[in-house]
Amino acid sequence: MGAAHDRRPGRLTQWWRRAIGQPPGSEPPAEDRTALLLAVAQAGLPLAPAAHPVGHRCSCARVGCPTPGRHPVSFAWQTQSTHDRAQIERWATAEPEANFITATGMVHDVLDVPYGTGERVLARLAESGHGTEVGPVAVSDDGRMLFFTATRGTPEDEDEYWPCELDSHPESVDEHPGLRWHCRGSYVLVPPARLPGEGLGVTWLRGPEHPLVDPLPLLAALTDAEAVAAGTPGEEQGW
């Protein structure tokens, strides 16, 4: 990942963390890892084991792994993904350092945006009382914010489905650093996860106990925030 990402938490992020009883910058205790994963599974999100960082390297055997600690350990991750409690407990016990991914496009999608964009949208929603709902939100210490939404699923008319091979893959962030929609065929790391580098990880800002929301109103808000940040504002949606 690029080194230019700003990982400094703003005041709104700190407020969210206090609201859920998590001090800013804190990590969940190691013994809570399995419980946190099971909470994700209980919300219906399918999980599969992923690699984990070993220093700045990856636990996989691939020389020069391009996404260390961020990818599934099995090529069959889509069919392997499950929310079965017993299976997840077995995986977590067998691989105590492993990260986990959640496969998108089955139960949920993820709107993956630069940290600053996500924080601006949360701030505007909080200040305006706008009706756009927000579900689970995760923060990644590489400068990304992940908004978990209901999936668009597989519409009857496939022309209405637009998976973008460039935008929806986790490893494409360097080439496409703006907003990305993880849908069918993609995945994201699920908290708690560790990233390469000392003390870096992926944590919940709003946990999986929050219901998944319609992605389209949230997408509109995030797209507008991205356009404003880029200096090409579109409609301001009346905010």
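Residues numbered from 1 in each chain as written. Predicted model: local features only at pLDDT ≥ 70, side-chain atom pairs only at ≥ 80, totals over all residues. Heavy atoms only, no water.

Quick notes on the side chain of Thr-102
Now for step 1: The topology assignment puts Thr-102 in strand β4 (residues 99–103).
Now for step 2: Within the structure, Thr-102 has its side chain in polar contact with the side chain of His-108 (distance 3.2 Å).
Now for step 3: Residue contacts for Thr-102: discarding those within four places in its chain leaves Leu-45, Pro-46, Leu-47, His-108, Phe-148, Ser-186, Tyr-187, Val-188 and Val-190. (Helix = DSSP H or I, 4+ residues; strand = E, 2+ residues; numbered from the N terminus. Polar contact = N/O pair within 3.5 Å; in protein donor to acceptor, adjacent residues only side chain to side chain. Contact = heavy atoms within 4.5 Å.)

Focus on the sheet that holds strand β9 (residues 187–190)
Now for step 1: In space, the three strands of this open sheet follow the order β1-β4-β9, with antiparallel pairing throughout. The open sheet terminates on both sides in strands that have one partner only, identified here as β1 (47–50) and β9. Across the sheet, the axes of successive neighbouring strands diverge by a mean angle of 40°, strand direction being ignored.
Now for step 2: In the sheet, β1 pairs with β4 via four bridges, with the strands oriented antiparallel. (Pairing = 2+ DSSP bridges. Axes fitted to C-alpha atoms, helices over the stretch in contact; angles between N-to-C directions.)

Overview of the state of the cysteines
Now for step 1: Across all of its chains, the model carries zero disulfides by this definition.
Now for step 2: Between Cys-58, a free cysteine, and Cys-60, which holds the nearest cysteine sulfur, the sulfur-to-sulfur gap is 3.5 Å.
Now for step 3: Classification of Cys-58 by relative accessible area gives buried; the value is 9%. (Disulfide = S-S within 2.5 Å. Buried < 20%, exposed > 50% of the residue type's maximum accessible area, 1.4 Å probe, protein only.)

Looking at unusual backbone geometry
Now for step 1: Residue Pro-192 is bonded to the preceding Pro-191 through a cis peptide linkage, with omega at -5°.
Now for step 2: Tracing the sequence through the fold places Pro-192 in the loop between β9 and β10 (193–194).

Considering the packing of helix α2 (residues 33–42) against helix α4 (residues 85–94)
Now for step 1: In the contact formed by α2 and α4, the axes pass within 10 Å of each other and the chain directions differ by 150°. By the criterion of interaxial angle, the relationship of α2 to α4 is roughly antiparallel. The two elements α2 and α4 meet at a crossing, and its hand is right-handed. In contact with Arg-33, Thr-34, Leu-37, Leu-38 and Ala-41 of α2, α4 contributes Arg-85, Ile-88, Glu-89 and Ala-92.
Now for step 2: Looking at the contact of α2 with α4 residue by residue, the classes come out as five nonpolar, one polar and three charged. (Parallel < 35°, antiparallel > 145°, perpendicular 65-115°, else oblique. Left-handed = near helix turned anticlockwise from the far one by under 90°. Nonpolar A, V, L, I, M, F, W, Y, C, P; charged D, E, K, R; others polar.)

Description of the environment of Gly-178
Now for step 1: Here Gly-178 lies in the loop between β7 (144–150) and β8 (180–182).
Now for step 2: On a C-alpha basis, the gap between Gly-178 and Pro-114 in space is 6.3 Å, while along the polypeptide they are 64 residues apart.
Now for step 3: With residues near it in sequence (within four places) discarded, Gly-178 still touches Asp-112, Val-113, Pro-114, Arg-144 and Glu-226.

A closer look at the packing of aromatic side chains
Now for step 1: Tallied over the entire structure, the rule returns three aromatic pairs.
Now for step 2: Ring geometry for Trp-77 and Tyr-187: centres 4.9 Å apart, planes at 75°, overall edge-to-face. Within this pair, whereas Trp-77 is found in helix α3 (residues 77–80), its partner Tyr-187 is found in strand β9, the two being separated by 110 residues in sequence. Like Trp-77, the residue Tyr-187 is buried in the burial classification.
Now for step 3: Between Phe-148 and Trp-204, the aromatic rings sit 5.1 Å apart at their centres with planes inclined by 55°, giving tilted as the arrangement. In this pair, Phe-148 sits in strand β7 while Trp-204 sits in strand β11 (residues 201–206), placing the two residues 56 residues apart along the sequence. Both residues of the pair, Phe-148 and Trp-204, belong to the buried class. (Phe/Tyr/Trp six-rings, centres within 6.5 Å; stacked < 30°, edge-to-face > 60°.)

Considerations on helix α5 (residues 115–128)
An α-helix turns once per 3.6 residues; consequently, residues spaced three or four apart project the same way.
Now for step 1: The terminal C-alpha atoms of α5 lie 20 Å apart, and with 14 residues this matches the ideal 20 Å at 1.5 Å per residue to within 8%.
Now for step 2: Regarding α5, the residues found buried are Tyr-115, Thr-117, Gly-118, Glu-119, Val-121, Leu-122, Ala-123 and Leu-125. (Expected span 1.5 Å × (residues − 1).)

Some points on the pattern of salt bridges
Now for step 1: Counted under the stated rule, the structure contains six salt bridges.
Now for step 2: Between Arg-85 and Glu-89 there is a salt bridge, with its nearest N and O atoms 3.9 Å apart. A residue pair is termed a helical-turn pair when its members lie 3 or 4 positions apart in one helix, as Arg-85 and Glu-89 do in helix α4 at four residues.
Now for step 3: Assessed through its relative accessible area of 32%, Glu-89 is described here as partly exposed.
Now for step 4: Note that Asp-224 and Arg-124 form a salt bridge whose closest N and O atoms lie 3.4 Å from each other. With Asp-224 in helix α6 (residues 215–229) and Arg-124 in helix α5, the pair connects residues that are 100 residues apart, well separated along the chain. (Salt bridge = Lys/Arg side-chain N within 4 Å of Asp/Glu carboxyl O.)

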